[in-house]
Amino acid sequence: MAQYSAALDDVFVALADPTRRGVVRRLGRGPTSVGDLAREFPMTLPSFMKHVRTLETSGLISTVKSGRVRTCVLNRERLGLLDDWLAEQRRVWEDRTDRLESLLTAETTEEDHA
């Protein structure tokens, strides 16, 4: 997982902001124009575009310009980095709780035999 640390950091930084999480949530329903996305958030278009650029830089979204319309598309594969990291963390903590349970069960059994 170490080889993914910079990319994973970029994704976490991008998702740290509630506006950007809202954009990702909305794009989960399908591609949409920047203008339509921006209308859903209480800020100026230049401020909103900073969020779009951050999401693009992290690889979470891509944009395509057709004429005067820029359309945003969610990169679901990039979200896979989060899935992989979370699965790894889940395994680590499950292993730890399993070892703790084994230790406690062994101590209880020893006390019953004493």
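Now for a look at the structure at hand.

Scoring rules and cut-offs
- Residues numbered from 1 in each chain as written.
- Predicted model: local features only at pLDDT ≥ 70, side-chain atom pairs only at ≥ 80, totals over all residues.
- Heavy atoms only, no water.
- Core = buried A, V, L, I, M, F, W, Y, C linked by side-chain atoms within 4.5 Å.
- Buried < 20%, exposed > 50% of the residue type's maximum accessible area, 1.4 Å probe, protein only.
- Helix = DSSP H or I, 4+ residues; strand = E, 2+ residues; numbered from the N terminus.
- Contact = heavy atoms within 4.5 Å.
- Phe/Tyr/Trp six-rings, centres within 6.5 Å; stacked < 30°, edge-to-face > 60°.
- Pairing = 2+ DSSP bridges.
- Axes fitted to C-alpha atoms, helices over the stretch in contact; angles between N-to-C directions.
- Parallel < 35°, antiparallel > 145°, perpendicular 65-115°, else oblique.
- Left-handed = near helix turned anticlockwise from the far one by under 90°.
- Nonpolar A, V, L, I, M, F, W, Y, C, P; charged D, E, K, R; others polar.
- Polar contact = N/O pair within 3.5 Å; in protein donor to acceptor, adjacent residues only side chain to side chain.

Some words on the nonpolar core
And then number 1: Ranked by internal contacts, the top residues of the largest apolar core, which has 22 residues, are Val23, Leu27, Phe48, Leu55, Leu60, Ile61 and Cys72.
And then number 2: Of all the secondary structure elements, the ones that give two or more residues to this core are α1 (5-15), α2 (18-27), α3 (34-39), α4 (45-58), β3 (69-74) and α5 (76-113).
And then number 3: The residues touching Leu55, leaving out its near neighbours within four places in the chain, are Ala14, Arg20, Val23, Val24, Leu60 and Ile61.

Remarks on the packing of aromatic side chains
Each aromatic ring pair is summarised here by two numbers: the centre-to-centre distance and the angle between the ring planes.
And then number 1: Counting across every chain of the model gives two aromatic pairs.
And then number 2: With a centroid separation of 5.2 Å and 80 degrees between ring planes, the pair formed by Phe12 and Trp85 is classed as edge-to-face. Separated by 73 residues along the polypeptide, Phe12 in helix α1 and Trp85 in helix α5 bring together distant segments of the chain.
And then number 3: Between the aromatic rings of Phe41 and Phe48, the centroid separation amounts to 5.6 Å while the plane-to-plane angle is 25 degrees, which identifies the pairing as stacked.
And then number 4: By relative accessible area, which is 0% here, Phe48 ends up buried.

Quick word on the sheet that holds strand β1 (residues 32-33)
And then number 1: The strand order across the open sheet formed by three strands is β1-β3-β2, and the pairing between neighbours is antiparallel. Each edge of the open sheet carries a strand with a single partner, namely β1 and β2 (61-66).
And then number 2: Of the strand pairs in this sheet, β1 and β3 are connected by two bridges, and their pairing is antiparallel. The residue of β3 that forms the bridge with Thr32 is Cys72.
And then number 3: The strands touched by α2 are β1, β2 and β3; relative to β3, the strand with the most contacts, the crossing angle is about 85 degrees.
And then number 4: Together, β2 and β3 form the strand contacts of α4, whose direction differs from that of β2 by roughly 115 degrees.

Observations regarding the packing of α1 against α4
And then number 1: Closest axis-to-axis distance for the α1/α4 pair is 9 Å, and the angle between their directions is 160 degrees. For the element pair α1 / α4, the angle class is roughly antiparallel. The crossing of α1 and α4 is left-handed. Residue-level inspection shows Asp10, Val11 and Ala14 of α1 in contact with α4, the latter providing Thr54, Leu55 and Ser58.
And then number 2: The residue inventory of the contact of α1 with α4, partitioned by class, reads three nonpolar, two polar and one charged.

Quick notes on the side chain of Ser58
And then number 1: Structurally, the position occupied by Ser58 is in helix α4.
And then number 2: Among the polar contacts made by the side chain of Ser58, one reaches the main-chain amide nitrogen of Leu60 at a distance of 3.3 Å.
And then number 3: With sequence-adjacent residues up to four places away left out, Ser58 is seen in contact with Asp10, Val11, Ala14 and Arg78.

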